[in-house]
Amino acid sequence: MSKNVEVDLPMQAVILDRKARRNPSWSRDELILALDLYMRHRASLPGKDSPEVTELSKVLNQLGAALFQRTDTSYRNTNGVYMKLMNFRRLDPDYVAEGKKGLTRGNQDEECVWAQFASDPVRLVAVARFIRLGISKDLSNVDLAGPDEPGIEEAEEGKVATRMHRYRERDRRLVVEAKAQAMKRYGRLACAACGFDFSKQYGVLGTNIIDVHHAKPVHTMLPGEKTNVADLVLLCSNCHRIVHSKRTWLSVEDVKSALAISNLDGT
Ligand SMILES: [Zn+2]
Ligand SMILES: [Zn+2]
């Protein structure tokens, strides 16, 4: 049958309706939690109706609600969770080496999450634990349902970590404290990566202007742990933007090296 065959209007409506009802694709946070379960039972995966799959389905629904995803009875049900575990099967060299295939239809994000976390079990466990705590509100009372920000690439650790990061570095009390400490120590507020000083460039209009960046990965923080001012760095808005412009957020050192290289190129 030709691909271009015209679909009549009622049929189009059915297709559109199906699309609208289709569950949103799995977020990075969800894939991390699924991979965590997969790795814990890599040798013998739990069945569709097992307590493990049922528990993860429940957690994913809580996460969906926290992030204001649409959730209904089909959302991340045990069937969907089990299928996702089978999607990871196809990427598992241990499994494929036995000549088996797993579920071949999967999306690219699974491959990224596998590549970033499967070989680093310690980090995977820490990030999965962090996401679970984040939803259960044990970690803080951050509103995870806030909008995404343009220019901020979602962290490798997912949406919960991204929003928690932004929340922490905007904490008014911490921002005031970080700036006060820098003023006391250096007598000015300058970007830790490029040295830009707003007040030097803009005069009185630039007074007290600088971004504050939380350099410690949020998933490494323990429940109830307060942000330490020593973990905050001052960055100009350009450098801060660069830090968050890639999926693997850059370090201040990365930005410094990039600047050094581009300066060399310019000479
Ligand atoms: Zn800068
Ligand atoms: Zn930041």
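Conventions adopted
- Residues numbered from 1 in each chain as written.
- Chains lettered and ligands numbered in written order.
- Predicted model: local features only at pLDDT ≥ 70, side-chain atom pairs only at ≥ 80, totals over all residues.
- Heavy atoms only, no water.
- Axes fitted to C-alpha atoms, helices over the stretch in contact; angles between N-to-C directions.
- Helix = DSSP H or I, 4+ residues; strand = E, 2+ residues; numbered from the N terminus.
- Parallel < 35°, antiparallel > 145°, perpendicular 65-115°, else oblique.
- Left-handed = near helix turned anticlockwise from the far one by under 90°.
- Contact = heavy atoms within 4.5 Å.
- Donors = N, O, S within 2.8 Å, 3.2 Å for Na, K, Ca; no water.
- Tetrahedral: all angles 85-135°; square planar, octahedral: opposite > 155°, others 65-115°.
- Expected span 1.5 Å × (residues − 1).
- Buried < 20%, exposed > 50% of the residue type's maximum accessible area, 1.4 Å probe, protein only.
- Nonpolar A, V, L, I, M, F, W, Y, C, P; charged D, E, K, R; others polar.
- Phe/Tyr/Trp six-rings, centres within 6.5 Å; stacked < 30°, edge-to-face > 60°.
- pLDDT = per-residue confidence, 0-100.

- Going by the annotation in an unreviewed UniProt entry, the name recorded for the protein is HNH endonuclease, with Vogesella aquatica given as the source organism.

1. Looking at the packing of helix α2 (residues 28-40) against helix α3 (residues 51-66)
No. 1: α3 packs onto α2 with a crossing angle of 165° between their chain directions and a minimal axis gap of 11 Å. Accordingly, the angle class assigned to the pair α2 and α3 is roughly antiparallel. Crossing of α2 against α3: the hand is right-handed. For the pair formed by α2 and α3, the contact residues are Asp29, Glu30, Leu33, Ala34 and Leu37 on the first element and Glu52, Val53, Leu56, Val59, Leu60 and Leu63 on the second.

2. Points about the coordination of the zinc ion (ligand 2)
Coordination angles at a metal have ideal targets, namely 109.5 degrees for four tetrahedral donors and 90 or 180 degrees for six octahedral donors.
No. 1: For the zinc ion (ligand 2), the full set of protein donor atoms is His165 (NE2), Glu169 (OE), Glu169 (OE), His213 (ND1), His240 (NE2) and His244 (NE2), at a range of 2.1 to 2.5 Å.
No. 2: What the six donor atoms of the zinc ion (ligand 2) show is an angle range of 53 to 164° at the metal, which sorts the shape as irregular.
No. 3: If you list the donors of the zinc ion (ligand 2) from N- to C-terminus, the spacing comes out as H-x3-E-x43-H-x26-H-x3-H. With a gap of 71 residues between them, Glu169 in helix α8 (residues 159-169) and His240 in helix α11 (residues 237-243) connect regions that are remote in the sequence.

3. Notes on α2
No. 1: With 13 residues, α2 should reach 18 Å at 1.5 Å per residue; the first-to-last C-alpha distance of 18 Å fits that figure.
No. 2: Counting buried positions along α2 yields 11 of 13 residues, so the element is predominantly enclosed.
No. 3: Within α2 the residues assigned to the buried category are Arg28, Asp29, Glu30, Leu31, Ile32, Leu33, Ala34, Leu35, Asp36, Leu37 and Tyr38.
No. 4: Contacts from the buried residues of α2 go to α3, α4 (78-89), α6 (108-117), α7 (121-136) and α8.

4. Details of unusual backbone geometry
No. 1: Positive phi, close to 45°, is recorded for Arg76, a residue that is not glycine.
No. 2: Tracing the sequence through the fold places Arg76 in the loop between α3 and α4.
No. 3: Its relative accessible area of 4% is what places Arg76 among the buried residues.
No. 4: One non-glycine residue with positive phi stands out, namely Asn208, at about 70°.
No. 5: Relative to the helices and strands, Asn208 is located in the loop between α10 (198-202) and β1 (211-214).
No. 6: Asn208 gets classed as partly exposed once you look at its relative accessible area, which sits at 47%.

5. A word on the coordination of the zinc ion (ligand 1)
No. 1: Surrounding the zinc ion (ligand 1) are the protein donor atoms Cys191 (SG), Cys194 (SG), Cys236 (SG) and Cys239 (SG), at 2.3 Å.
No. 2: Geometry at the zinc ion (ligand 1) is tetrahedral, judged from the four donor atoms that bind it and their angles of 104 to 115° at the metal.
No. 3: In terms of primary sequence, the donors binding the zinc ion (ligand 1) are separated according to C-x2-C-x41-C-x2-C.
No. 4: Here Cys191 falls in the buried class, since its relative accessible area comes to 4%.
No. 5: With a relative accessible area of 37%, Cys194 lands in the partly exposed category.

6. So, the packing of α2 against α4
No. 1: Here α2 crosses α4 at 75°, and the two axes come no closer than 10 Å. Accordingly, the angle class assigned to the pair α2 and α4 is roughly perpendicular. Between α2 and α4, the contacting residues are Leu31, Ala34, Leu35, Leu37 and Tyr38 on the first element and Lys84, Leu85, Phe88 and Arg89 on the second.
No. 2: Of the residues contributing to the contact of α2 with α4, the split by class is seven nonpolar, no polar and two charged.

7. Quick look at the packing of aromatic side chains
No. 1: Taken as a whole and judged by the stated rule, the model has six aromatic pairs.
No. 2: Residues Tyr38 and Phe88 carry aromatic rings whose centres are separated by 6.1 Å and whose planes lie at 55° to one another, so their mutual orientation is tilted. Within this pair, whereas Tyr38 is found in helix α2, its partner Phe88 is found in helix α4, the two being separated by 50 residues in sequence. The same class applies to Tyr38 as to Phe88, namely buried.
No. 3: Among the aromatic residues, those joined into a ring-pair cluster are Tyr38, Phe88 and Trp114.

8. Describing the environment of Leu85
No. 1: Along the chain, the position of Leu85 falls in helix α4.
No. 2: Beyond its immediate stretch of four places on either side in the chain, Leu85 contacts Ala34, Leu37, Tyr38, Leu45, Pro46 and Val53.

9. Overview of the confidence of the model for the protein
Residues shown with low pLDDT carry predicted positions that ought not to be read at fine detail.
No. 1: On average, residues of the protein score 84 in pLDDT, and 84% of them reach the 70 mark or higher.
No. 2: In the model, residues 1-5 has pLDDT below 50 throughout and makes zero contacts with residues more than four positions away in sequence or in other chains.

10. Section: the side chain of Asp36
No. 1: Note on placement: Asp36 falls in helix α2.
No. 2: By relative accessible area, which is 8% here, Asp36 ends up buried.
No. 3: Once residues lying within four places of it in the same chain are set aside, the contact partners of Asp36 are Leu124, Val125 and Ala128.

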